[in-house]
4 protein chains.
Amino acid sequence: MVTTLVPHEPIGVLSDAWRECVGTGRFNLALRSDYRDSLRLAQDEIGFRYIRGHGLLSDDIGIHRPYDVAGFRGTRYSFTYADQVTDLYLDLGIKPFLELGFMPPGLASGDQTVFWWKGNVTPPSDYAEWNKLIQALLRHLIDRYGIDEVLTWPIEVWNEPNLTHFWKDADQAEYFRLYESSVIAIKEIDDRLQVGGPAISPGADDWWLPFAEFVTDRDLPADFLSFHAYTTGPSQHVPFGVYQTLRHPSDLLDQFARPAEILKDTRLAGLPLHVTEFNTSYRPDNPVHDTAYNAAALAPVLARGGDLVRSFAYWTFCDVFEEENIPTAIFHGGFGMIAHRQIKKPTFHVYAFMARMGRQILAQGDDHLVTRHADGRIAVLAWQPTGGTDDPEEAAEHRLSLSIPTAGESVYVHRSDVDEHRGNAFTAWQQMGRPASPSRRQLDALREAAEAVRSHHAAPVRDGRVQLDISLERHGVALLELDSVVDETPAWLDDRRILGRGL
Amino acid sequence: MVTTLVPHEPIGVLSDAWRECVGTGRFNLALRSDYRDSLRLAQDEIGFRYIRGHGLLSDDIGIHRPYDVAGFRGTRYSFTYADQVTDLYLDLGIKPFLELGFMPPGLASGDQTVFWWKGNVTPPSDYAEWNKLIQALLRHLIDRYGIDEVLTWPIEVWNEPNLTHFWKDADQAEYFRLYESSVIAIKEIDDRLQVGGPAISPGADDWWLPFAEFVTDRDLPADFLSFHAYTTGPSQHVPFGVYQTLRHPSDLLDQFARPAEILKDTRLAGLPLHVTEFNTSYRPDNPVHDTAYNAAALAPVLARGGDLVRSFAYWTFCDVFEEENIPTAIFHGGFGMIAHRQIKKPTFHVYAFMARMGRQILAQGDDHLVTRHADGRIAVLAWQPTGGTDDPEEAAEHRLSLSIPTAGESVYVHRSDVDEHRGNAFTAWQQMGRPASPSRRQLDALREAAEAVRSHHAAPVRDGRVQLDISLERHGVALLELDSVVDETPAWLDDRRILGRGL
Amino acid sequence: MVTTLVPHEPIGVLSDAWRECVGTGRFNLALRSDYRDSLRLAQDEIGFRYIRGHGLLSDDIGIHRPYDVAGFRGTRYSFTYADQVTDLYLDLGIKPFLELGFMPPGLASGDQTVFWWKGNVTPPSDYAEWNKLIQALLRHLIDRYGIDEVLTWPIEVWNEPNLTHFWKDADQAEYFRLYESSVIAIKEIDDRLQVGGPAISPGADDWWLPFAEFVTDRDLPADFLSFHAYTTGPSQHVPFGVYQTLRHPSDLLDQFARPAEILKDTRLAGLPLHVTEFNTSYRPDNPVHDTAYNAAALAPVLARGGDLVRSFAYWTFCDVFEEENIPTAIFHGGFGMIAHRQIKKPTFHVYAFMARMGRQILAQGDDHLVTRHADGRIAVLAWQPTGGTDDPEEAAEHRLSLSIPTAGESVYVHRSDVDEHRGNAFTAWQQMGRPASPSRRQLDALREAAEAVRSHHAAPVRDGRVQLDISLERHGVALLELDSVVDETPAWLDDRRILGRGL
Amino acid sequence: MVTTLVPHEPIGVLSDAWRECVGTGRFNLALRSDYRDSLRLAQDEIGFRYIRGHGLLSDDIGIHRPYDVAGFRGTRYSFTYADQVTDLYLDLGIKPFLELGFMPPGLASGDQTVFWWKGNVTPPSDYAEWNKLIQALLRHLIDRYGIDEVLTWPIEVWNEPNLTHFWKDADQAEYFRLYESSVIAIKEIDDRLQVGGPAISPGADDWWLPFAEFVTDRDLPADFLSFHAYTTGPSQHVPFGVYQTLRHPSDLLDQFARPAEILKDTRLAGLPLHVTEFNTSYRPDNPVHDTAYNAAALAPVLARGGDLVRSFAYWTFCDVFEEENIPTAIFHGGFGMIAHRQIKKPTFHVYAFMARMGRQILAQGDDHLVTRHADGRIAVLAWQPTGGTDDPEEAAEHRLSLSIPTAGESVYVHRSDVDEHRGNAFTAWQQMGRPASPSRRQLDALREAAEAVRSHHAAPVRDGRVQLDISLERHGVALLELDSVVDETPAWLDDRRILGRGL
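Calculation criteria
- Residues numbered from 1 in each chain as written.
- Chains lettered and ligands numbered in written order.
- Predicted model: local features only at pLDDT ≥ 70, side-chain atom pairs only at ≥ 80, totals over all residues.
- Heavy atoms only, no water.
- Contact = heavy atoms within 4.5 Å.
- Buried area = accessible area lost by both parts, 1.4 Å probe.
- Salt bridge = Lys/Arg side-chain N within 4 Å of Asp/Glu carboxyl O.
- Polar contact = N/O pair within 3.5 Å; in protein donor to acceptor, adjacent residues only side chain to side chain.
- Pairing = 2+ DSSP bridges.
- Helix = DSSP H or I, 4+ residues; strand = E, 2+ residues; numbered from the N terminus.
- Axes fitted to C-alpha atoms, helices over the stretch in contact; angles between N-to-C directions.
- Core = buried A, V, L, I, M, F, W, Y, C linked by side-chain atoms within 4.5 Å.
- Buried < 20%, exposed > 50% of the residue type's maximum accessible area, 1.4 Å probe, protein only.
- Domains from an automatic or database assignment.
- Phe/Tyr/Trp six-rings, centres within 6.5 Å; stacked < 30°, edge-to-face > 60°.
- Parallel < 35°, antiparallel > 145°, perpendicular 65-115°, else oblique.
- Left-handed = near helix turned anticlockwise from the far one by under 90°.
- Nonpolar A, V, L, I, M, F, W, Y, C, P; charged D, E, K, R; others polar.
- UniProt positions renumbered as here; feature names shortened; annotations may be inferred.
- Expected span 1.5 Å × (residues − 1).
- Least-squares fit on C-alpha atoms with pLDDT ≥ 70 in both.

The name an unreviewed UniProt entry gives chain A is Xylan 1,4-beta-xylosidase, with Microbacterium stercoris as the organism.

Structure representation (structure tokens):
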């Protein structure tokens, strides 16, 4: 094993793209207390800046409310739930990344729906009414939260219109019409509001140039571009779940990079790029999401993704999510970093570890990221590289060695570990016999098993460097935080005397 | 005005029937954080013992889960949400009053639904499957919470089967079949489990004797009887709301009394009677629920209802409720004692006042209830009598006078008031211009306006009695708590010296 | 009664001097949970910026720790409690206004102490040691909280050195020596640190010019000047308390104004002036502090004080205070705005009312202050003027009338009242018989009685003005908040139909 | 290594004596927020029933308050702080074990004090006044908390009267006089109140028979007997600390056993015995208290102590304690299970582990305790035996092997570890360089390092037994909780498919 010699001088800056945004189950679910508890947990330990999900305009938020009663006829715009959710977000220090969709039933041109919760995915029956709805929404948000605040909220037109189940017939021309109509309506309110699209799914690279051409031809604004990235193959169904093949983690980074490449000669070149959804699997019922494997696979993506895009939003922060019906077991392969009942998954910890990294990058490799804080402290993220389905066997142990420049005579090393057994409630749950609905006592045990394991030691500094020989267990991710020791031990202390030893 | 001479000796005991049970929006809504916040508020200031609502078996709780995938076929019983809600209830010190309903889609014989949230109201397509579902549910609850706990939870078969929109064709024979099937299935699990019905709506007195006859003929168990009471006339619709006529409050007490009368010569005579829903209006969009009128009208019902039934459950504790779609304004005539955003309505305070009354009844009249606590303290509830639509004009002031036996030389009187202006956020909201979606600052003001107004004075005791001359504003309800004063004033204190006065 | 015609244009800006700083019981008391609970209350409803109290260097904080054991000899500087308190302050959003005092026993030149808790008030036995102590303290604070933060903390040298019980022999020359020694030691650490004095009590105006002369002659820095203001006469003792005469409230404003006048031709002219303590009475056992009288007397001082000084700190925010031993009754005339057990006094509410005032002053008079918020809302503070001992009789009612410019057709008026009976737990406690140690139930009643009483009405706007005819009860202070009404009432609503009335 | 064959049938019942009572710093310290936070932590994870400390009658609680002012003369009994502390205790679910002491200054016959905080240890100057004080106290407590509650609070007369620094001259006759006077005064209030003594320190066995004789001769009540147990040698002082020799843990059990032996033929035989203080060292500044060694040494004492006495109270639950002045460093050898800033020490975890043990004892040995819960679950406590100063070297590893009867096919083993490195903030702090006053970030790291480390695995059941081969690191204590696995794994799950492996 070769020791990586970490340089004194930073080689770059670690952007916040990895925590700029996070995905969520539909807007209505934010009314739930388990959602609130989980989001508070995420904000306490990670601190995302934006949150994005579907369903703002769906009927279970109830904004668009036509009436025709007792001779009174019209449409009422109602914000009972929209306000409640937005208030919550802001209270928890997170801002909405607005997604315009799906179609309110009273404005839909058809009855095609997506998901168990039946989001209507048909175009508006009346674009003038659609525009009025969007304008009413924005006026209300500006009234309530102030224009300065709302100007910071990106507005994304629809979700994955390139897929027939998200947009009737995946009709590109109709989507462009929706985009045009929406962007004009929004800019009428305030032309500083940030609008973007086309929010396409993986595998739709053929939408980029037509989109660029459309906005160029029609001279339409576009303040940012958005798309999604997932890296699994087709679903192999079992009851209440799927299995899928998985590509190498670098595939995600490749997906992040592609739009800039495709668009480099268009008017859209240089616009902020938001990966408004990403994960390993695009299914909310693939058990890979519950594993340390998922955490290890994503570590290099978090470390590098910010070089390529403005944000990449993990889909989703918690398992409060109902696209495939209500989960029938506490671990069910949900997207969340946090399972039901506020049980942290390994992926949660990788995010929490990232939140404790410094801004300056000192070194970066296939299995490590070394950073320095403004006050000089070093933080190291180390992980076992994973290979996806084509290279499926990770060793039982992964080792790496770093030589890190530091001040002082010794260093306090504070280590946090997640792997197949540590910080891993999923494994504990398997060992418990997979109780679908754990008892309260089992939930307590799972919460204990879910915590990252902490350890610590003092390492000597020699010639201005500390040597870290790091051993990881399978699918392990570790955070090592180094503090230069200022020894305050008074002269009179002698630990050998504590137990009467020796003297 | 004549002074009522309150006797020394109690004339009765105030039962807890008024807080034995409370109604709630559907089971799924208990997942919400505003629901939890509101229920905590109710439990802190009132302290209900049981809670009852619809939808335990509906698809948004997701218990009954048939599957047929990849060669695997069967039904999974899943308690992901059922446990979460039940855990919450017990954590807040309230027990579920189980209502079996509505029909899970996978077990329904038709697709007729009720409410905006689409509860299926058709009989089971297969009674054997229904029985398996109920037994799976009860076995799970007993596993999780213990048989001793579950034995205390009443189990009510269905809801208002006498109405066509709650039970297909209001088919009495089919309901009896459901009752028979359910009760036998439940008693197989443990014959101490308490089962009852028929949960009929007002105006269905013709169901009682057939039900008595049926359970007698078939020798079926019935541990309690349940029914509902409301006292308004037909709905006069406007957009997002209704108006209705209202009967005199005594009409509710008459409804409470009727089943015992009808059944007095049957085998069902003497069974515990539960009014599992009551309110003035049966509509979740009648503004009367938001008013002090509602509070004043219910005061005599709370004071007397316990003489007639084992429990009478106010329908419902809070406005988190979606039977008629999502409310379009914060005050919308919802059933709740607590509006959205945890704003207390006048009716909440009447319940909170009742929770501060003593157990011994010293006097009871058309406008007052006088009680004594175990430690001798007196608590008085006073209200302005209301007359319903036929006698609609209450005076701007109502006065009453009580002479109350008490110890000591003086009494500290601590008074809490609710009326058209005090403890009345609805009036404040009207004065604000009825903002549908109040700003945060307006919400704060509404919460301040919603608090009961406290005042206090010292009253002299003469000949062992204190004279209370109580004046109430329109639709006022007041709580007066009397403490015999033990004067601890030291000899050296002279309040005239505080501001340099006089000396 | 003449109506005051409030102008459209602001006549001034309301400074935050009234909440720039607040007084506290000694530093050690900040370790207490009741202190923390009370401070949180104050910060939630008022929001002070700085807090100042005695005892940072006293032995119950334990910073200066000489040792001579087993052959080891020296002085250890220990921050166990100092950090705990400072952490708390910052967590609650308040910064320390550092007062250097009293003398640690190991550094004292004598054993004279002040207060029940025995603060040593003798000069240092060794000025070099004193300097080392102060430098150790500042270095530690800078290490822990950062220099940018500590630069914002004023540092005041000692407390009331002009009084023999606070500074041995009230020795002016010795104080100047202490000042010189301290200021030089502090500026050695960082010359941007803000140091000031002389922290003199009322009645010591003869110290100003000598102090100016001294710092000028010796060319010493002085970043601010500090002094105290109280307005009562000598103590007339009774057991566990005193009575005192009281001067007119304007006397406090006169005291605020005097140092600037005296110093106007010296080098100290123009320095920031901090009234680091003020109140009506300077005694922690004068019942006036518990009364509405105190609140009414201070209202004009809060309204005007910011014209004269940079800050004036109410002494103190809560009754957790032990200068005259442990209070023997819950109401005992303590300085606090908040009594023991988090019971708000009337004075608390005046501060809370001030915190809801706008920045622009529209009108100001003997009994009112009218302000406008940035968003156009009007807030009015009204009070009954008080006269002190020489003019002791306030009327049972005080009335004033304001004509206020406003937009819209009507105004929602949200009113909060404190007077002899409302928002007045002291009166309730008197009526209860003055229980020294109230039961939990009595504490609950006192907390209810302590809340300001809220009321509300809609007022019509005529010719762009709303007329407020305000009636106050004796010693009343009221806050009136006006919101222009935007009427959202839908066309179909008709409140006459709510109870079936009329139609 | 021999495997211990754990039997099916219980061999005894684990009493709650280990958590019946816990020690605390002086009564006044309970006013502090860090005290409250730490006690809440202890109650959440351990759940003590009683709490005992010094200083109830000392002047910093302020009960006894003579006055002589303005012609008014007398004694006021004041409960301002006494109530505040007692309310807190009851709110946290813990009851006071009342210790009568020390002497209020106004009632003291001399000025000898003990501790930095100066508790007066002289006899009353007037026994009649002493009796009045005690009676006033008890009457007040009964008024406030009810006689039924106060009857459950033991009342102990004074503390360690056999030591000259706790009782002037260690005058036995004077103590007996105090006992007699107190017990008679108390029983006058209600003869069911439980009184006891003599609260002697270790090494005072010669007090037992004279005490027995005295109460027998004078026919005095004695409801329980109390004494203390410590097991260290004399102090070897260094600045701000001591070192001491330590005896074998069995010495503590011997001390627990001795009084019953001595008194077996007296009238006092069979009375409940309370060890109202015990620990390894009797010094609040011996670093052994911060170590895993302390935890390992006490494990066998907790396991066995209940066989000998009714309660044994760890002295003390937290480091908020000031007998030897204010600690100068966060780790300073304090008695507490919880260090300042709510940092758990290893000993805390042993108590928390004990709180998760079952009631039935299945096996008990030098390094283990095996228990079963009512629901059949097994909990094992394992520890490395320690030898004290005479046998000071524990091995780096300790192993034991248990064969435990259990149901099912496999067992989920949930393990919690504390040793020299795990669950050991003291070691982390040493490695950090012993920062006396850790930064907030260091405090966070210490709290993470302080948590017990959790791990888990599934163990097969063979022939109705599970084999546990337990390895402990130096000074390790481990809790192993075993749940019989009910395997709910559905037929369709195949974990090999999660990552695309194998298939």
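Next, the rest of the story.
Caption draft 1: Inspection of the interface of chain A and chain D at higher detail. Taken together, the contact pairs 57 residues of chain A with 57 residues of chain D. Note on chain A versus chain D: buried area summed over both sides is about 5000 Å², and carbon and sulfur give 53% of it. Viewed at the interface, chain D and chain A are joined by eight salt bridges. Put simply, chain A and chain D have 26 residue pairs in polar contact (both at pLDDT 80 or more) between them.

Caption draft 2: How the structure looks around the sheet that holds strand S24 (residues 410–418) of chain D. On the basis of which strands lie adjacent, the open sheet formed by seven strands has the order S2-S20-S21-S22-S27-S24-S25 (chain D) and antiparallel pairing. Whereas interior strands pair on both sides, the edge strands pair on one side only; in this sheet they are strand S2 (12–13) and strand S25 (453–460) of chain D. In this sheet, strand S21 (residues 368–372) of chain D lies alongside strand S20 (residues 360–364) of chain D in antiparallel orientation, the contact comprising four bridges. Looking at S21 of chain D, one finds that Ala363 of chain D is bridged to Val370 of chain D. Relative to the sheet, helix H12 (residues 440–450) of chain A contacts S24, S25 and strand S27 (477–484) of chain D, its axis offset from that of S24 of chain D by approximately 55°. Where helix H9 (residues 292–304) of chain D meets the sheet, it contacts S20, S21, strand S22 (378–383) and S27 of chain D, and its direction lies at approximately 135° from that of S22 of chain D.

Caption draft 3: Focus on the nonpolar core. All names here are of chain A. In terms of nonpolar packing, the biggest core is built from 115 residues, with Tyr35, Trp130, Tyr175, Phe278 and Phe312 touching the most fellow members. The leading source of residues in this core is helix H4 (residues 127–145), at nine residues. Residue contributions to this core reach at least three from each of two domains, namely domain 1 (3–10 + 360–484) and domain 2 (16–354). The contacts of Tyr175, once residues within four sequence positions are left out, are Val157, Trp158, Pro161, Trp167, Gly197, Pro198, Trp207 and Phe211.

Caption draft 4: Focus on the domain arrangement of chain A. Residue and element names in this part refer to chain A. Partitioning chain A into structural domains gives domain 1 (3–10 + 360–484) and domain 2 (16–354). The gap between the C-alpha centroids of domain 1 and domain 2 is 31 Å. Across the boundary between the two partners, domain 1 contributes 37 residues, which contact 30 residues of domain 2. When the two sides are added together, the surface that domain 1 and domain 2 hide from each other amounts to roughly 2700 Å², 67% of it contributed by carbon and sulfur. Per-residue buried area on domain 1 facing domain 2 is highest for Gln364, Thr386 and Phe426; these three make up 21% of the total on that side. Applying the counting criterion to the domain 1 and domain 2 interface returns one salt bridge. Across the pair Lys344 and Glu451 runs a salt bridge whose closest N-O atoms are separated by 2.9 Å. Between the two partners, domain 1 and domain 2, sit seven residue pairs in polar contact (both at pLDDT 80 or more).

Caption draft 5: Local environment of the pattern of salt bridges. Under the defined criterion, the tally for this structure stands at 180 salt bridges over all chains. For Asp87 of chain D, the salt bridge identified is with Arg144 of chain D, shortest N-O distance 3.0 Å. Here the residue Asp87 of chain D occupies a position in helix H3 (residues 80–91), and Arg144 of chain D occupies one in helix H4 (residues 127–145), the gap between them amounting to 57 residues. Relative accessible area serves as the criterion here: at 16%, Arg144 of chain D is assigned to the buried category. For Lys132 of chain D, the salt bridge identified is with Glu129 of chain D, shortest N-O distance 3.4 Å. With Lys132 of chain D and Glu129 of chain D both in helix H4, this residue pair falls three residues apart, about one helical turn. What makes Lys132 of chain D partly exposed here is its relative accessible area of 45%. Through salt bridges with shared partners, a single network forms among Asp83, Asp87, Asp91 and Arg144 of chain A together with Arg341 and Arg440 of chain B.

Caption draft 6: Main features of the packing of aromatic side chains. Residues and elements named next belong to chain B. In total, this model carries 155 aromatic pairs over all chains according to the counting rule given. Ring geometry for Phe176 against Phe214: centres 4.8 Å apart, planes inclined by 25°, an arrangement best described as stacked. Taken together, the positions of Phe176 in helix H6 (residues 172–189) and Phe214 in helix H7 (residues 208–217) put the pair 38 residues apart, joining distant regions of the chain. For Phe176, a relative accessible area of 7% gives the class buried.

Caption draft 7: The packing of helix H8 (residues 250–262) of chain D against H9 of chain D, seen in detail. All names here are of chain D. Two numbers describe how H8 lies on H9: the axes approach to 9 Å, and their chain directions differ by 30°. Here H8 is positioned roughly parallel relative to H9, judged by the angle of their axes. In the crossing of H8 with H9, the sense of the turn from one axis to the other is right-handed. Note on element contacts: H9 touches H8 through Leu298, Pro300, Val301 and Arg304, opposite Leu252, Leu253 and Phe256. Looking at the contact of H8 with H9 residue by residue, the class counts come to six nonpolar, no polar and one charged.

Caption draft 8: Structural detail: the UniProt feature "active site" (unreviewed entry) in chain A. Residues and elements named next belong to chain A. Taking the numbering used here, the UniProt-annotated feature "active site" (unreviewed entry) corresponds to Glu160. Here Glu160 is to be found in the loop between strand S11 (155–157) and helix H6 (172–189). Judged by relative accessible area, which is 6%, Glu160 ranks as buried. Leave out the neighbours within four places in its chain, and Glu160 touches Phe166, Ala199, Ile200, Ser201, His228, Tyr230 and Glu277.

Caption draft 9: Focus on helix H8 (residues 250–262) of chain C. Residues and elements named next belong to chain C. The end-to-end C-alpha distance of H8, which contains 13 residues, comes to 19 Å, matching closely the 18 Å that a straight helix rising 1.5 Å per residue would cover. Restricting attention to buried positions, one finds in H8 the residues Asp251, Leu252, Leu253, Gln255, Phe256 and Pro259. On its buried face, H8 sits against helix H7 (208–217), strand S13 (224–230), strand S16 (273–279), helix H9 (292–304) and strand S17 (311–314).

Caption draft 10: Here's a closer look at the interface of chain D and chain C. Each partner contributes to the interface: chain D provides 47 residues, whereas chain C provides 47 residues. Taken over both partners, the interface formed by chain D and chain C buries close to 4000 Å², and the fraction arising from carbon and sulfur atoms is 46%. Linking chain D with chain C are eight salt bridges, by the criterion used here. Here Asp87 of chain C makes a salt bridge to Arg440 of chain D, at a shortest N to O gap of 3.4 Å.

Caption draft 11: Spotlight on the relation of the copies chain D and chain C. Expressed as a screw transformation, the operator carrying chain D onto chain C has a rotation angle of 180° and an axial translation of 0.0 Å, and the superposed copies differ by an RMSD of 0.1 Å. In the structure described here, the two chain copies are related by an operation that fits a two-fold rotation axis. The fraction of interface residues of chain D whose copies in chain C are also interface residues reaches 100%, indicating that both copies meet through the same surface.

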